[in-house]
Each structure stands twice: as C-alpha cells, then as structure tokens.
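What follows is each chain in one-letter form.
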Amino acid sequence: MNLKTCIYRLLCLALALALALSLGGCGKKGGFFGVADLLVSADRMPSPEKDPAGFLRLNAVNTLEALKARYAGSPLAALAGVRADSGVLSLTLGDAQDRLTAVLSFDRAAGRLGLDAAGSIHTRLYADPDFFGVSLPEITGGTYYGFAPADVYSRASGSVLGGLLGEEVLTSLKELEGLLDGARSAPSTDPEETEKRLERAFNELISASQVTVERSAVQYGDKKTDGCILTVDTAGAAASAFQEKLQELLPALKAAPWEDGADFSPAGCRAVFVANGCLLSLTLELTGVDGSRRDLALELFTEGGETLTLTRDGETVTLLSRPVPQENGWSHTLTLNRGDTATVLTTAYEGDSVALSLEGPETSLRLSGELHVTDSGFTFENGEIVSGQTASAQPLSVSFTAGGAVEKPTDTADIFSLDEAALSSLLIKVYTALEKENVG
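What you see as residue numbers is a count from 1 along each chain, following the sequence as written. Thresholds applied to this predicted model are a pLDDT of at least 70 for local features of residues and 80 or more for the giving and counting of side-chain atom pairs; totals over whole chains, interfaces and linings are not thresholded and use all residues. As a convention, hydrogens and water are excluded, and side-chain values are obtained from all of the structure's heavy atoms.

## Some words on the pairing of strand β12 (residues 306–312)
Now for step 1: We call two strands paired when DSSP finds no fewer than two bridges between them. The secondary structure listing takes helices from DSSP runs of H or I that are at least 4 residues long and strands from runs of E that are at least 2 residues long, numbered from the N terminus. As paired strands, strand β11 (residues 293–299) and β12 are joined by 6 bridges and run antiparallel to one another. Considered in β12, the bridge of A297 is made with T309.
Now for step 2: Between β11 and β12, which pair antiparallel and follow one another directly, the connecting turn spans 6 residues, one of which, F301, has a positive phi of 60°.

This is the structure:
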C-alpha cells in the first residue's frame, strides 16, 4: 500500500466515521409535536410583550427537546450516551493483504493524546501540553522527534531545520503557535456558567433592540394554531457586541457558514421569530457596514422536515433534513443544494444495521455495517465502505472502549535542537526507507 493509497484510505475512513457518528435521523411516530409534548407548557410561558427574551428562550428550550425527540432514532442518538474522559478508538480498513489499522488513545485529565497507525509505514504520534512528536519505529527506532508547543516560531527560525523549511512554512508555524497559545489560554468551560452568560448576552441584545409582537395564527405541521410573530430590529453596535460575546463563549462560531464570516461587521440586524410554544421558523437578515446582505431562514416541524437556507450576495445554499418514519426503524435524507448541484446523504438505521450513502457531483460513498452500543463504548462490525474511486468494497471495523491511560514516551528528541549532522542523518534514514518501501 503506497502513501497516496494510505492517505486516500485515511480520508475515506475519516469521512465514513464522521458520517456514522454525526448524522442520521428519524421521525417520531404520530407526526408533529403538540402542546402535551412541550417541556415548558403554555401557561408557564412568559408574555412575549412583557418579557420577549424569556419568551424566546423558553420557546427555544421546547424546540431543542422536540428536535431531540424527533431525531431520537438516529445513529447519533444511539452514540450520544457514550461519554468518557479517557478511552481507546480502534479501526481497521482493508483485508489481511492490504490493511490500514489505527488506534487512537486519549486522556482528557492528563491532556494526552496518542495515535498508533500502520499501513505502508508504521507511525506513532504523541501530544500533550509540553510535547508534540512523531515516531517511525522501523526507520528511527522508538525515538519520538518533535517539539514543545511553545515559542515554536522563534525556536524554528533559529534552527538548522528552520533554514531548510523556508519562510512560508515558518509563517505557518507562527500561525500554529498562535492557535496553540489560544488553546492553552482558553478558560475551562463550565456548562452552567456558559449557559448563564449566554442568557445574559441574549437578554442584553433584546433590551437593546426594538421588538414588535403580532398575535397571529401560524402554520404548525399540517395545521394552523394560535401563535405569535416577534420581529426584533437591532442596531449594528448591539449586534456586533452580541456577536463578540458569542465568539468568546463559543470559539467554533468564528468558523461561520461563510468563508469570511468572522470578518463580517453588521450595521443592522432583523430577526423574525414565529412561535407557538416551540420556535416554528426564524428569519435573520444581516446588513453589513458596506451594504452587503446575509440572510438565514430556518423552517422547523414542517410536513417534510427541517429546512435551512443561507444567502450571501445572491448566492443561496439550502440544507434539507427529511426524517422519514418507518414501522421498525428510521431513515433520513440530508440534502445540500448549492447552485445547480446537490449532495445527498441517506441514512437507514434498523435494529443494529446501519447504511449510509453519500452522493454528490464528484462524490460517491457507501458505508454499511452493524452498530452495537453500550454505556461504555460501541462497536461497528462487518462494515464495508465503497467509494466511487474503487471497484470493490473495503472491509471496515471500528470500536471504542472507555477508560485507560496514555503513556508518555521516555525517548524524545527536540527536532529544532538537532545540529546539521544529526538532522542530515535523520533525513537520509527517512528518505532511504521511503524509497525502499516505494512510498509517495
């Protein structure tokens, strides 16, 4: 198995795992959610005129619970109960003659991560707050060559290796150093405190906005029911302040749906909420200081399912989530439409059998197998993965077991401390071994 094949299979496997662990859906038998299903009943709901922030917050609580129930039969829901502060994830792809194996171990309390992968070459990786290194046992023995993830740029630029890397790579190392510093300095997250801060930020946003409430009959599934429409107009300063607080609390939001989302500064924002105990729809209109427009529209609990539409400067992307109730199982279709192209992920989950199919303009992937879940782990057995780039199915197995520890390597070498002779010797060993194995 050469390096290109190995990388391709790793990517294929990563995609398969992502699909298996994070997507899927079901429909709740009996259709849509009625008042009896609401976590917060109508008589406990704050007045939208007197307390719009509280009204919207409790409608959102009901919405999340309703969506959890609607998608409760998905592979994601089955795996959601598997939680661990340490554990071992193992996977195997391919047959006995052409196999890729990997074992990922982690320990959150110790801040340690280990990876042992074997394909065309055997690779071991280790990471903790003080060291990041790689070992190639057949080439370099048991030594882990790496660096301390601090002052990376200054140490690299003054090293022999830095002289070989070039300024572009050194600049990337500087960016990596900034990310590592940010990760180290980030405060530990307390879910309860985060929730309180989010609630305060939202209350401040609503207080700084102009809110209009219209009592109206609203569409709820296949019928109409009493509800209300809240229109919230927010000035740019308040919208920007709220955006900054969200990104402080949830750094992942900086990776917005639009490529330059983190740099977008709103001059104004209008949000329209339709609710009747649950949020039924949300329309968000953002106007930038340069006059550009970005719109988001979310429709929930419709006859077909959920729809998310994103529009930026005339370009529209639509995500359709369609859970389909079945007698003895669940199926789900997720469709991404962008321009004239569509990518469709179909999930079927019945008993212990899982089948995923991803089809797009340049993508074709099918994954199937048996998923068994316990409180302390899961196994994915008798799996097969078929890509449009391959002619036959590749055997696949995955398992996770909670618990265990990650051992810190005792034989380490700082790659930026190597002199010219030591670095040349190391590079020659690696190059010779890769040429011998025909890797590349």
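Moving on from the model shown.
## A word on the pattern of salt bridges
Now for step 1: Criterion for a salt bridge: a side-chain nitrogen of Lys or Arg within 4 Å of a carboxyl oxygen of Asp or Glu. Taken as a whole and judged by the stated rule, the model has 13 salt bridges.
Now for step 2: A salt bridge links K245 to E204, with the nearest nitrogen and oxygen atoms 2.3 Å apart. Of this pair, K245 sits in helix α9 (residues 236–249) while E204 sits in helix α8 (residues 191–207), and the two are 41 residues apart along the sequence.
Now for step 3: Here's how the labels work: a residue is buried when its accessible area is under 20% of the maximum for its type, exposed when over 50%, partly exposed in between, all with a 1.4 Å probe on protein chains only. Accessibility expressed as a relative area gives 42% for E204, which makes it partly exposed.
Now for step 4: R338 serves as the salt-bridge partner of E315, at 3.0 Å between the closest nitrogen and oxygen. On the criterion of sequence distance, the pair formed by E315 in strand β13 (residues 315–325) and R338 in strand β14 (residues 330–338) is long-range, its members being 23 residues apart.
Now for step 5: In this structure E315 comes out as partly exposed when scored by relative accessible area, which is 35%.

## A look at unusual backbone geometry
Now for step 1: For D151, which is not a glycine, the phi torsion comes out positive at approximately 55°.
Now for step 2: By secondary structure assignment, the location of D151 is in the loop between β6 (144–147) and α5 (152–157).
Now for step 3: Residue D151 is classed as partly exposed on the basis of its relative accessible area, which comes to 47%.

## Looking at the environment of L58
Now for step 1: Inspection of the secondary structure assignment puts L58 in helix α2 (residues 52–70).
Now for step 2: Measuring from C-alpha to C-alpha, the distance between L58 and S41 comes to 9.4 Å, with 17 residues separating the pair along the chain.

## Some remarks on the side chain of D107
Now for step 1: One can find D107 in strand β2 (residues 99–107).
Now for step 2: Only four residue types enter the charge count: Lys and Arg as positive, Asp and Glu as negative, with His and the chain ends excluded. In this structure, D107 is buried with no salt-bridge partner, the nearest side chain bearing the opposite charge being R112 at 6.4 Å.
Now for step 3: Of the polar contacts made by the side chain of D107, one reaches the backbone nitrogen of A110; its length is 3.3 Å.
Now for step 4: Here, residues are in contact when the closest pair of their heavy atoms is within 4.5 Å. Excluding its chain neighbours within four sequence positions, the residues that come into contact with D107 are D85, S86, R112, G404, A405 and V406. Counted as a polar contact is a pair of N or O atoms within 3.5 Å, where, for protein atoms, one must be capable of donating a hydrogen and the other of accepting one, and residues adjacent in sequence contribute only when both atoms are in side chains.

## Structural notes on α9
Now for step 1: Over its 14 residues, α9 runs 20 Å from end to end, which matches the ideal 20 Å to within 8%, given 1.5 Å per residue.
Now for step 2: Every buried residue of α9 is accounted for by G236, A238, A239, S240, F242, Q247 and L249. Here, expected helix span is obtained from the residue count minus one, scaled by 1.5 Å.

## Examining α2
Now for step 1: The end-to-end C-alpha separation of α2 is 26 Å, in line with the 27 Å expected for 19 residues at 1.5 Å each.
Now for step 2: Among the residues of α2, those classed as buried are P52, A53, G54, F55, L56, L58, N59, N62, T63, A66 and R70.

## Some thoughts on the confidence of the model for the protein chain
Now for step 1: This prediction gives the protein chain a mean pLDDT of 81; 82% of its residues lie at or above 70.
Now for step 2: Contacts from residues 1–36, a stretch scored under 50 in pLDDT, to residues over four places away or in other chains number 97 contacts.
Now for step 3: The predictor's confidence in any single residue is recorded as pLDDT, a number from 0 to 100. Contacts for the low-pLDDT stretch residues 255–262, under 50 throughout, to residues beyond four places or in other chains number 15 contacts.

## Overview of the nonpolar core
Now for step 1: Only buried residues count toward a nonpolar core, which is a set of Ala, Val, Leu, Ile, Met, Phe, Trp, Tyr and Cys residues joined through side-chain atoms within 4.5 Å. Within the largest apolar cluster, 24 residues are counted, with the highest numbers of intra-cluster contacts made by L367, L371, F378, F380, L396, V398 and F400.
Now for step 2: Listed in part, the 19 residues of the second largest apolar core include L58, I206, F273 and A275.

## Quick word on the packing of aromatic side chains
Now for step 1: Aromatic rings from Phe, Tyr and Trp, taking only the six-membered ring of Trp, are treated as a pair when their centres fall within 6.5 Å; an angle between ring planes under 30 degrees marks them as stacked, one over 60 as edge-to-face, and anything in between as tilted. Under the definition given, this model contains 4 aromatic pairs.
Now for step 2: Ring geometry for F132 versus F147: centroids 5.8 Å apart, planes at 45°, classification tilted. Of this pair, F132 sits in strand β5 (residues 131–135) while F147 sits in strand β6; the two residues are 15 residues apart in sequence, bridging distant segments of the chain.
Now for step 3: Of the residues examined, F132 reaches a relative accessible area of 33% and is grouped as partly exposed.
Now for step 4: Considering the side-chain rings of F147 and F416, the 5.6 Å spacing of their centres and the 35° angle between planes classify their relative orientation as tilted. Of this pair, F147 sits in strand β6 while F416 sits in the loop between β20 (412–414) and α10 (420–436), placing them 269 residues apart in sequence.
Now for step 5: Look at F147 and you get buried, because its relative accessible area is 13%.
Now for step 6: The exposure class assigned to F416 is buried, which follows from its relative accessible area of 10%.
Now for step 7: Counting every residue linked through ring pairs, the aromatic cluster contains F106, F378 and F400.

## Considerations on the packing of α2 against α8
Now for step 1: Angles run from 0 to 180 degrees between N-to-C directions of axes, and those axes are lines fitted to C-alpha atoms, restricted for helices to the stretch in contact. Where α2 contacts α8, the two axes come as close as 9 Å, and the packing angle between them is 135°. With respect to their mutual orientation, α2 and α8 come out oblique. In this structure, the crossing between α2 and α8 has a hand that is right-handed. Facing α2, whose interface residues are P52, A53, L56 and R57, α8 presents E199, F202, N203 and I206. Note on terminology: angles under 35 degrees are roughly parallel, angles over 145 are roughly antiparallel, angles of 65 to 115 are roughly perpendicular, and the others are oblique. What makes a crossing left-handed is the near helix being turned counterclockwise from the far one by less than a right angle; a clockwise turn instead makes it right-handed.

## Considering the side chain of T231
Now for step 1: Tracing the backbone through its elements, the reader meets T231 in strand β8 (residues 223–235).
Now for step 2: Look at T231 and you get buried, because its relative accessible area is 18%.
Now for step 3: Other than its neighbours up to four places away in sequence, T231 contacts Q210, V211, T212, R270, A271 and V272.

## Quick word on the pairing of strand β18 (residues 377–387)
Now for step 1: Sheet topology note: the strand β17 (residues 363–374)/β18 ladder contains 9 bridges and is antiparallel. In the sheet register, L365 faces β18, and the bridge partner there is S387.
Now for step 2: In sequence, β17 turns back onto β18 through a hairpin of 2 residues.
Now for step 3: Taken together, the 7 bridges between β18 and strand β19 (residues 394–402) define a ladder with antiparallel strand orientation. Looking at β19, one finds that T379 is bridged to S399.

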